[in-house]
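Architecture at a glance
Read off the chains here:
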Amino acid sequence: MTQGESPPRSTRSRPTMREVAALAGVAIKTVSRVVNGVPTVDPAIVARVREAADKLGYRPNLTASSLRRGDGRTATIGMLVEDAANPFSAVLTRTVENVARERGVLVLVGSLDEDPARERELARALIDRRVDGLVIVPAGRDQSYLISEQHTGTCMVFVDREAGLLAADAVVSDNRQGAVTAVNHLLKGGHRRIAYLGDRASIPTAAQRFDGYRHALEVAHIEYDDGIVRHTGSSEAAAVAATEHLLSLPNPPTALFTSQNFVTIGAVRALRSLGLQDTVAHLGFDDFPLADILSPGISVIAQDVEQMGRTAAEMLFRRLDGDPAPTRTVTVPTRLVQRGSGEIPAGGPRHD
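Summarised in this report is the structure supplied together with it. None of the values given here were measured: they were computed from a predicted structure.

1. Some remarks on the packing of helix α10 (residues 236-247) against helix α11 (residues 261-274)
- Between α10 and α11, the least distance of the axes is 7 Å, while the angle of their chain directions is 50°. Taken together, α10 and α11 sit at an angle that is classed as oblique. Pair α10 / α11 crosses with right-handed handedness. Across from E236, A239, V240, T243, E244 and L247 in α10, the residues of α11 making contact are F262, V263, I265, G266, A267, R269, A270, L271, S273 and L274.
- Its residues placed into classes, the contact of α10 with α11 shows ten nonpolar, three polar and three charged.

Structure, rendered in structure tokens:
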């Protein structure tokens, strides 16, 4: 093929089950039983059928097979996350995939970009493809559009945020308490001007973390100052700009609490560009790659994302196996990881 030409397209149809049966010298029904993993087929015949299938390049039509099965299952589940490129979403997806793989189930993944309309579109697209269940990190606050699907047997579990206007299982982090822990840790370092930078306040997890921030200040009898609070969204660039602005104020904060991983990364960039990474304390919510090898390392409130994903997947498969228990929400604790940035005291680093 010369440069610029399109690759040749084969006009040959896919090998059929009938062709496999003819090559293996067995009945079509026998090939079907082998493809569907019926355990009573003689091992020698199984080997012969598989060898014939490999020679022909035969692949079973799983969609058609699912329509013939008594349970109507397709051995697929759908998963909708905020952004598949986000480290949180990546770990969550991989963990669910690991659990699903043990059961021979394929995971189809889509990114929502915090867009409720996209959530509805992709959820319906997955349902139209007859997925057996859904794992969703919801973008909107109203999941009532899934009620009819739930009634027809589609199982679903929500992760990171609970469903709105829909009774469904959920797995979430203890966002509020994690934020309280973060602010209390900074308060112990003598900080009294602690800035907050987070995602949009309309997002439930962001609202919970902001509530924890305000509660910790209130308990410590520190007056809330809206001037050092920024709801930047999840844009790293916006977080850089917001951090630079806060640190240029006449009375700048001595510590930052950043409540989303991309916001944290933006703040890290800003602190380093200003040469303040060893002077201004910084504690983020949610871990991210390389946070431990920076100098200073970035202290974080870490979510147990693997536990969240594993719990969600196991809950979904229990529902698929017929678990009739009432819906429930599982809250997974967070933990403080001290690496240096969150331990810088008010007034700058100690020189002991």
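2. A look at helix α3 (residues 43-56)
- Helix length check: α3, at 14 residues, gives a terminal C-alpha distance of 20 Å against a target of 20 Å (1.5 Å per residue), a fit within 8%.
- Turning to α3, its buried residues number three or more, namely V46, V49, A52 and A53. Seen from one end, α3 has its buried residues packed into an arc of 130°, which puts them on one side. Relative to its buried face, α3 has exposed residues pointing more than 90 degrees away, namely P43, D54 and K55.
- On its buried side, α3 packs onto α1 (17-24) and α2 (28-35).
- Measuring from the backbone nitrogen of A44 back to the side-chain oxygen at the start of α3 gives 2.8 Å, which picks out D42 as the cap.
- Looking one or two residues beyond α3, the residue adopting positive phi is G57, at roughly 75°.

3. Remarks on the environment of S173
- Within the secondary structure, S173 is located in strand β5 (residues 169-173).
- Residue S173 is classed as buried on the basis of its relative accessible area, which comes to 4%.
- Between the C-alpha atoms of S173 and Q303, which are 130 residues apart in sequence, the distance is 6.7 Å.
- Each residue touching S173, except ones within four places of it in the same chain, is listed here: Q303, M308, T331, V332 and T334.
- A polar side-chain atom of S173 sits 2.5 Å from a polar atom in the side chain of Q303.

Cut-offs applied
Residues numbered from 1 in each chain as written. Predicted model: local features only at pLDDT ≥ 70, side-chain atom pairs only at ≥ 80, totals over all residues. Heavy atoms only, no water. Axes fitted to C-alpha atoms, helices over the stretch in contact; angles between N-to-C directions. Helix = DSSP H or I, 4+ residues; strand = E, 2+ residues; numbered from the N terminus. Parallel < 35°, antiparallel > 145°, perpendicular 65-115°, else oblique. Left-handed = near helix turned anticlockwise from the far one by under 90°. Contact = heavy atoms within 4.5 Å. Nonpolar A, V, L, I, M, F, W, Y, C, P; charged D, E, K, R; others polar. Expected span 1.5 Å × (residues − 1). Buried < 20%, exposed > 50% of the residue type's maximum accessible area, 1.4 Å probe, protein only. Arc of directions from axis to C-beta. Polar contact = N/O pair within 3.5 Å; in protein donor to acceptor, adjacent residues only side chain to side chain.

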